[in-house]
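# Examining the three-dimensional arrangement
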Amino acid sequence: MKKEAFNSAKVVSYKQFQVNHAVKVGNTIYVSGQVAWDKDGNVIGEGNLEAQSVQALENLKSILAEAGATLNDVVKLNVFWAESVDWEKTIEVWKGYFTTEPFPAVTATITKLAYPELLVEFDAIAVVSD
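The shown structure was predicted, so the numbers you read here are calculated from the model rather than taken from an experiment. (Residues numbered from 1 in each chain as written. Predicted model: local features only at pLDDT ≥ 70, side-chain atom pairs only at ≥ 80, totals over all residues. Heavy atoms only, no water.)

### Brief notes about the nonpolar core
Worth spelling out the cut-off: Here, nonpolar core means buried Ala, Val, Leu, Ile, Met, Phe, Trp, Tyr and Cys residues that are tied together by side-chain atoms lying within 4.5 Å of each other. Accessible area is worked out with a 1.4 Å probe on protein chains only. A residue is then buried under 20% of its type maximum, exposed over 50%, and partly exposed in between. Only DSSP runs of H or I covering at least 4 residues are called helices, and only runs of E covering at least 2 are called strands; the numbering of each starts at the N terminus. Any pair of residues with heavy atoms lying within 4.5 Å of one another is described as a contacting pair.
Of all hydrophobic cores here, the largest spans 36 residues; its most connected members are Ile29 and Leu64. Only strand 3 (28-34), helix 1 (49-66), strand 4 (74-82), helix 2 (88-95) and strand 6 (120-127) provide two or more residues apiece to this core. With six residues, the single largest contributor to this core is helix 1. Those residues in contact with Leu64 that sit more than four places away from it in its chain are Ile29, Val31, Ala69, Thr70, Leu71, Val74 and Ala126.

### A word on the pairing of strand 5 (residues 105-111)
On any regular strand, side chains alternate: one points to one face of the sheet, the next to the other face. The line we're drawing: At least two bridges found by DSSP between two strands is the condition for calling them paired.
Where strand 4 and strand 5 come together, seven bridges link them in parallel fashion. Its bridge partner lying in strand 5, Val79 is registered against Ala108.

### Examining the sheet that holds strand 2 (residues 22-25)
Selection rule: Under this scheme, a helix contributes an axis fitted over its contacting stretch, all axes are lines through C-alpha atoms, and angles between N-to-C directions fall in the 0 to 180 degree range.
One open sheet holds the six strands; their spatial order is 1-2-3-6-4-5, and the pairing between them is mixed. Each edge of the open sheet carries a strand with a single partner, namely strand 1 (3-6) and strand 5. Here the average twist between neighbouring strands, direction ignored, is 15°.

Right, here's the structure in full:
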């Protein structure tokens, strides 16, 4: 089956890692982990979980749009929180983004993220109509 890569100009490039923002296979879109980086690689909301959650979800939304999808097409959401954060704040933020049922299935993990200034990361799987 054909694989198609998608990258959003609104999100920091992952090319240096040889990674795409998303890959679409058939009608399924697999989105790489998104954090609170702006398009220039600056951390948005350092120390602020809500602000970082918003930026990461906006990045996710932009990438899905490039691939012809919306947040309503997300069927699986993975959330990774840095240790010792008030994770419930992120849930309040994502409730404003995922507003249409059926809501996605979610796996949430508390872990150590790759960069210490980052507090949350999201990746997703979306399915679009043919």
